[in-house]
Amino acid sequence: MRSGTRRVLILGGTGEARRLAGVLAERPDLHVTSSLAGRVRDPQLPPGEVRVGGFGGVDGLTGWLRSEGVAAVVDATHPFAQAITDNAVAAAQRAGCPLLVLRRPAWEPEAGDDWRPVPSMAAAATLLPELGERIFLTTGRQGLAHFAGLDLHFLVRAVDPPEPPLPPRTTVLLARGPFSVADELALLREHRVDALVSKNSGGSMTSAKLTAARELGLPVVLVQRPPRPDAPSAGTVEQAAAWLDAVLGDHAG
């Protein structure tokens with residue numbers, strides 16, 4: 001790390017994390033390290049220095065922040081990565097390090113949407129039998145055990161193969177987005193989907209699968225986000241960069 005630079009840790013894996021790393025990597029006053037959890041076999045890597053794997057909980061991350069002289073942390077993990085966020089907030093407080101939570105805005109329903117909001121994956125599973133026989137499960141490869149006891153046919157889409165337990169009637173589709181509305185419409189029709197399950201991951205644009213479900217009049221069971229942590233937050237990469245300017249002062253300008 002060059003003399004006079006300030007170290008910034010980005011906890012990432014999301015598109016926002018990669019875009020923020022790209023913006024900050026061009027600045028000579030900052031040394032940016034992006035940390036990925038390592039749950040995806042072939043992740044899309046951000047610009048700059050990258051580390052893969054956990055820190056060892058709150059104690060491990062606290063020690064890393066101190067030993068590496070980190071000046072600021074941006075938690076740009078997935079909105080549902082609650083354990084990672086909780087650990088990051090606690091570690092930053094212990095280390096006396098400013099932390100910002102970067103979260104894309106949640107999706108909001110539009111005219112014609114048939115959304116069934118639920119607080120958890122378990123609640124989603126309870127609701128499904130009344131919605132049909134063929135379910136498109138787009139919650140990723142984790143948490144599928146909640147649906148393992150249901151005698152329904154599931155279409156599961158994930159980047160990497162999911163681990164058991166899985167529902168007894170499951171078709172796995174390995175694919176990485178983004179997907180177009182036309183792609184999603186064709187998929188829903190091909191598999192004769194009756195309902196979708198998704199997490200409210202959010203973003204600047206409504207997901208193509210939700211638009212396709214609206215066009216076909218399909219219900220969407222939408223798992224709501226965990227509570228927002230007690231920490232400063234931003235909804236865009238630009239806001240996160242401005243926050244860094246403010247907390248790092250003259251060294252970031």
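Residues numbered from 1 in each chain as written. Predicted model: local features only at pLDDT ≥ 70, side-chain atom pairs only at ≥ 80, totals over all residues. Heavy atoms only, no water.

A.B. asks: Please set out the side chain of Thr-139 residue by residue, giving values where relevant.
C.D. replies: Residue placement: Thr-139 occurs in the loop between β7 (134–137) and β8 (153–158). With near-sequence residues (within four places) excluded, Thr-139 lies in contact with Met-121, Leu-144, Val-197, Ser-198 and Lys-199. (Helix = DSSP H or I, 4+ residues; strand = E, 2+ residues; numbered from the N terminus. Contact = heavy atoms within 4.5 Å.)

A.B. asks: Explain the environment of Gln-82 to me, using residue names and the numbers behind them.
C.D. replies: When you line up the elements, Gln-82 lands in helix α3 (residues 82–95). Along the sequence, Gln-82 and Pro-226 sit 144 residues apart, while their C-alpha atoms lie 6.8 Å from each other.

A.B. asks: Could you give me a rundown of the sheet that holds strand β2 (residues 30–36), with the residues and numbers involved?
C.D. replies: The strand order across the open sheet formed by six strands is β3-β2-β1-β4-β5-β12, and the pairing between neighbours is parallel. Each end of this open sheet is capped by a strand with a single partner; those strands are β3 (49–52) and β12 (233–234). Two strands pair when backbone bridges link them, and β2 and β3 are joined in this way by four bridges, in the parallel orientation. Bridge pairing in β3 places Ser-34 opposite Val-50. Those strands touched by helix α1 (residues 15–25) are β1 (6–11), β2, β4 (70–75) and β5 (99–102), and its axis lies near 165° from that of β1. Contacting β1, β2, β4, β5 and β12, helix α7 (residues 237–248) runs over the sheet at an angle of about 160° to β4. (Pairing = 2+ DSSP bridges. Axes fitted to C-alpha atoms, helices over the stretch in contact; angles between N-to-C directions.)

A.B. asks: So what about the sheet that holds strand β11 (residues 220–223)? Which residues, and what values?
C.D. replies: In sheet architecture, strand pairing relies on hydrogen bonds along the backbone and comes in two forms, parallel and antiparallel. Spatially, β6-β11-β10-β7-β8-β9 is the arrangement adopted by the six strands of the open sheet, whose pairing is parallel. Each edge of the sheet is formed by a strand with only one pairing partner; in this case those strands are β6 (115–118) and β9 (169–174). Shown here is a sheet whose adjacent strand axes are inclined to one another by a mean of 20°, direction ignored. Here β7 pairs with strand β10 (residues 195–199) via three bridges, running parallel. Residue pairing in the sheet places Leu-137 in a bridge with Val-197 of β10. In this fold helix α5 (residues 181–190) packs onto β7, β8, β9 and β10, with an angle of close to 155° to the strand it touches most, β8. Most of the contacts of helix α6 (residues 208–216) go to β10, to which it runs at about 150°, and overall it touches β6, β8, β10 and β11.

Fair warning: the whole summary comes from geometry, so function is off the table for now.
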